[in-house]
Amino acid sequence: MSSDGQHKFPDFVPPTKIYYGNKLPTLHLRRCTVTVPGGQDYHFESEVIRIGAMEDNDIVLNDDTVSRHHCRIVQEETSYVLVDERSTNGTFVNSVRIREAFLHPGCTISVGQSKLKFNAHDEEVEIKPSANDRCGLLIGANDRMREIYAIIEKIAPTSTTVIIEGETGTGKEVVAQTVHKLSPRAENDLIVFDCGAVPPNLIESELFGHEKGSFTGAVMTRQGLFEMADGGTLFLDELGELPLDLQPKLLRVLEQREVRRVGSSKPIKVDVRIIAATNRNLEEEVREGRFRQDLYYRLSVVKLRLPPLRERADDIPLLCRHFLESGPYNRGPDGTQRVRDVSPVAMKCLQDYHWPGNIRELVNVIERAVSFCDGQLIVPQDLPDYIRDVSLGKKRERTMTSDTPTVLPPAAPHDPRRPPSELADDGVTFKDAKERWVSSFERDYIISLLKRHKGNISHAAREADIDRKYFRKLMKKYDIDAAVGSE
């Protein structure tokens with residue numbers, strides 16, 4: 001260790017990470033301990049530990065020779081760094097005065113007249129799938145989900161930053177809510193910010209706040225979301241949509257744990273846990289230069305990958321029954337549950353379907369089915385036609401490959417543009433015919449807008465006067481690639 005920071009102890013404390021191998025995933029939890037005069041131990045998992053005489057520090061020293069904000073200990077990828085905060089009497093490591101230095105386990109930190117002992121260690125835990133089929137707000141008995149439950153139970157009590165990856169509709173916000181609910185911060189707020197739903201020129205003000213008169217329209221001073229989430233959790237949804245020029249400012253907040261409002265030079269200290277989510281591959285975004293590598297490493301301390309619904313189809317019965325029990329759309333005038341369950345044949349249809357919209361799409365399908373259901377069981381006729389078609393197609397494939405020849409009735413053409421009279425002649429019900437026409441219109445409309453704007457999703461969504469996130473959802477629903485606009 002040296003005061004100029006040139007020497008670095010290699011990998012003496014593994015970072016808090018999840019490691020996936022051929023066996024069960026392993027969680028490394030990094031912790032450090034600071035022993036203060038009198039023998040009291042402070043245990044930390046947080047990325048920044050502040051030491052000083054003021055009450056807003058993590059370690060408060062009753063010592064007249066200690067500055068108000070004397071120094072801080074910062075986690076790096078595999079090390080801890082001690083940084084002096086321009087203190088009056090200086091900060092020392094093993095009797096050497098430093099401005100910034102790497103800390104080694106067992107070293108002594110001198111702050112004024114106070115001597116502190118520093119130690120760091122890690123806990124390695126093999127993640128065994130939880131025995132439960134629920135964790136907080138999450139539901140599912142699939143092995144992948146039960147592994148996630150076990151990880152959440154380990155990391156929730158810490159202040160570890162978490163990034164959640166997964167397709168649209170897999171439940172990333174529900175994971176964030178669960179982590180917050182199981183953490184010591186549960187009594188404070190969980191603030192949600194969708195990076196893709198706010199115009200880029202307003203994101204900085206939304207996150208960090210602004211002073212009165214700092215820009216046109218700033219008629220009053222306003223707190224940012226970091227300040228509002230102080231003591232709680234800030235969930236950054238669709239992180240991959242964050243503009244590149246704002247990423248260094250977010251990184252600075254994560255490292256310094258303080259924000260500066262737009263138009264102000266005064267830093268405001270914040271204690272916020274960050275949970276981020278994205279449906280993009282951030283590693284690929286980093287390689288393409290669209291996302292900062294240093295911010296990616298700072299955020300992805302623990303990375304959770306949510307499986308798509310098609311990879312956990314065995315959870316669909318459990319999810320359906322939960323939606324039927326909890327959905328307000330399934331309550332009669334007296335508050336009783338209208339539809340009790342899903343018939344075996346209808347459940348088979350649901351499990352055969354690919355679910356490009358994942359759990360969010362399943363919720364919508366169940367709500368629609370309840371509105372059409374006449375009894376206490378959802379039957380195939382209550383499901384959208386495109387879901388029944390998938391299951392029927394699989395049944396035909398299995399029948400055609402069986403040893404016993406079977407004569408099947410000819411399949412009705414699925415072209416939604418067919419005249420209504422032909423659809424009626426084929427026995428297609430009103431609701432299914434209408435759904436086919438609506439789906440056809442939505443698909444053709446989205447494709448035409450993308451072609452008009454050469455694949456620019458933002459411009460196409462603006463002309464359609466719908467949110468860009470919903471526009472992407474429609475593209476996903478109909479398997480439309482933005483490249484269609486360049487054809």
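Draft legend 1. Focus on the sheet that holds strand β23 (residues 302–305). If you walk across this open sheet you meet the five strands as β16-β19-β22-β15-β23, and the pairing is parallel. This sheet does not close on itself; its edge strands, each paired only once, are β16 (190–194) and β23. Shown here is a sheet whose adjacent strand axes are inclined to one another by a mean of 20°, direction ignored. In this sheet, strand β22 (residues 273–278) lies alongside strand β19 (residues 233–237) in parallel orientation, the contact comprising four bridges.

Draft legend 2. Structural detail: the packing of aromatic side chains. A full pass over the atoms with the stated rule returns seven aromatic pairs. A centroid spacing of 5.8 Å and a plane angle of 25° characterise the contact between F208 and F226, whose relative ring orientation is stacked. You can see F208 sitting in helix α3 (residues 200–208) and its partner F226 sitting in helix α4 (residues 225–228), a full 18 residues away along the chain. F208 sits in the buried class, given a relative accessible area of 4%. Judged by its relative accessible area of 2%, F226 is buried.

Draft legend 3. Seen up close, the nonpolar core. Counting residues in each nonpolar core, the largest one holds 31 residues, and the members touching the most others are F226, L234, L236 and L239. Mapped onto this core, the elements with two or more residues apiece are β16, α3, α4, β19, α5 (247–256), β22, α6 (282–287) and α7 (293–299). The element contributing the most residues to this core is α5, with four residues. For L234, the contacting residues outside a window of four places in its chain are I191, L207, L225, F226, A229, V272, R273, I274 and I275. Counting residues in hydrophobic clusters, the runner-up holds 26 residues, among them L309, I316, L319 and I366.

Draft legend 4. Structural detail: the packing of helix α8 (residues 316–326) against helix α10 (residues 358–372). At a minimum axis distance of 10 Å, the contact between α8 and α10 shows a crossing angle of 55°. It follows from the interaxial angle that α8 and α10 lie oblique. In this structure, α8 crosses over α10, and the sense of that crossing is right-handed. Here L319, C320, F323 and L324 of α8 come into contact with α10, specifically with I359, L362, V363, I366 and V370.

Draft legend 5. Here's a closer look at the side chain of S87. Turning to its location among the elements, S87 is positioned in the loop between β7 (80–84) and β8 (91–93). In terms of polar contacts, S87 uses its side chain to reach the backbone amide nitrogen of G90, at 3.1 Å. Dropping the residues within four chain positions of it, S87 is found in contact with S67, H70 and R97.

Draft legend 6. View of the environment of R50. Among the secondary structure elements, R50 is positioned in strand β4 (residues 48–52). Residue R50 is classed as buried on the basis of its relative accessible area of 8%. The spacing of R50 and V74 is 24 residues in sequence and 8.8 Å in space, taken between C-alpha atoms. Among residues more than four places away in sequence, those in contact with R50 are N57, D58, I59, C71, R72, E85, Q256, R257 and K269.

Draft legend 7. Region of interest: the packing of helix α14 (residues 457–464) against helix α15 (residues 468–477). It is at 9 Å that the axes of α14 and α15 come closest, and there the two elements cross at 105°. Taken together, the axis directions place α14 and α15 in an arrangement best described as roughly perpendicular. Along its contact with α14, which presents I457, S458, A460 and A461, the element α15 presents R468, F471, R472 and M475. The class makeup of the residues in the contact of α14 with α15 is five nonpolar, one polar and two charged.

Draft legend 8. Up close: the confidence of the model for the protein. Here the protein averages 83 in pLDDT, while 84% of its residues score no lower than 70. Mean pLDDT values over the elements of the protein span from 61, in strand β1 (residues 17–19), up to 97, in β8. Scored below 50 in pLDDT, residues 1–12 shows 27 contacts in the model against residues more than four places distant or in partner chains. Overall, residues 396–416 carries pLDDT values under 50, and its contacts beyond four positions in sequence, including any with other chains, amount to 16 contacts.

Draft legend 9. Representation of unusual backbone geometry within the structure. The residue R86 is not glycine, and still its phi comes out positive at about 55°. Position of R86 among the secondary structure elements: in the loop between β7 and β8. Assessed through its relative accessible area of 70%, R86 is described here as exposed. Phi at W355 takes a positive value of approximately 55°, unusual for a residue other than glycine. Residue placement: W355 occurs in the loop between α9 (344–352) and α10.

Draft legend 10. Quick peek at the layout of surface pockets. Size it by volume and the largest pocket reaches roughly 830 Å³. Broken down by element, the lining of the largest pocket gets its largest block of residues, eight residues, from α15. Here the residues of the lining of the largest pocket sort into 10 nonpolar, six polar and 17 charged.

Draft legend 11. Region of the structure containing the sheet that holds β4. As summarised here, the arrangement of the five strands in space is β5-β4-β6-β7-β10, forming an open sheet in which the pairing is mixed. Two strands close off the open sheet at either side, each with one partner strand: β5 (59–60) and β10 (100–103). With four bridges joining them, β7 and β10 adopt antiparallel strand pairing. By the bridge assignment, Y80 is partnered in β10 with L103.

Draft legend 12. Inspection of the pattern of salt bridges at higher detail. This structure, assessed with the given rule, holds 24 salt bridges. One salt bridge connects R310 with E167, and the closest N-O pair in it is separated by 2.5 Å. Of this pair, R310 sits in the loop between β23 and α8 while E167 sits in the loop between β15 (162–165) and α2 (172–181), and the two are 143 residues apart along the sequence. Between R321 and D341 there is a salt bridge, with its nearest N and O atoms 3.2 Å apart. Highlighted residues: R321 in helix α8 and D341 in strand β24 (residues 341–342), separated in sequence by 20 residues. A residue is classified by how much of its surface remains accessible, and R321, at 36% relative accessible area, is partly exposed.

Cut-offs and rules
- For every chain, the first residue of the written sequence is number 1, and numbering continues from 1 onward in sequence order.
- For a predicted model such as this one, the threshold for reporting local features is a pLDDT of at least 70, and the threshold for listing and counting side-chain atom pairs is 80 or more; totals across whole chains, interfaces and linings nevertheless cover every residue.
- Side-chain descriptors were evaluated using all non-hydrogen atoms of the structure, hydrogens and water having been removed beforehand.
- For two strands to pair, DSSP has to find at least two bridges joining them.
- Each helix is a run of H or I in the DSSP string that is no shorter than four residues. Each strand is a run of E no shorter than two, and both are numbered from the N terminus.
- The convention used is that axes are lines fitted to C-alpha atoms, helices contributing only their stretch in contact, and that angles between N-to-C directions extend from 0 to 180 degrees.
- Whether two aromatic rings pair depends on their centres lying within 6.5 Å, for rings of Phe, Tyr and Trp, where Trp uses its six-membered ring; planes under 30 degrees apart make the pair stacked, over 60 edge-to-face, and the rest tilted.
- Buried residues are those whose accessible area, probed at 1.4 Å on protein chains only, stays under 20% of the maximum for their type, while exposed residues exceed 50% and partly exposed ones sit between those limits.
- For the purposes of this section, nonpolar cores are sets of buried Ala, Val, Leu, Ile, Met, Phe, Trp, Tyr and Cys residues that join through side-chain atoms within 4.5 Å.
- We call two residues in contact whenever any of their non-hydrogen atoms come within 4.5 Å of each other.
- In what follows, roughly perpendicular refers to angles from 65 to 115 degrees, roughly parallel to angles under 35, roughly antiparallel to angles over 145, and oblique to any angle outside these ranges.
- By definition, turning the near helix anticlockwise from the far helix through less than a right angle yields a left-handed crossing, and turning it clockwise yields a right-handed one.
- Polar contacts, as counted here, are pairs of nitrogen or oxygen atoms within 3.5 Å of one another; within protein the pair requires one atom able to donate a hydrogen and one able to accept it, and residues that are adjacent in sequence qualify only if both atoms are side-chain atoms.
- Residues are grouped as follows: Ala, Val, Leu, Ile, Met, Phe, Trp, Tyr, Cys and Pro are nonpolar; Asp, Glu, Lys and Arg are charged; every other residue, Gly included, is polar.
- For every residue, the predictor assigns a confidence score, pLDDT, that lies between 0 and 100.
- With a 1 Å grid spanning the protein atoms alone, the term cavity applies to any set of points in which a 1.4 Å probe fits but cannot get out, the term pocket to an open set with protein on both sides within 12 Å along at least five of seven lines, and the term lining residue to any residue with an atom within 4 Å of a point.
- Grid points are joined across faces, edges and corners, and a volume is the space filled by probe spheres set on the points.
- The rule for a salt bridge is simple: a side-chain nitrogen of Lys or Arg has to be within 4 Å of a carboxyl oxygen of Asp or Glu.

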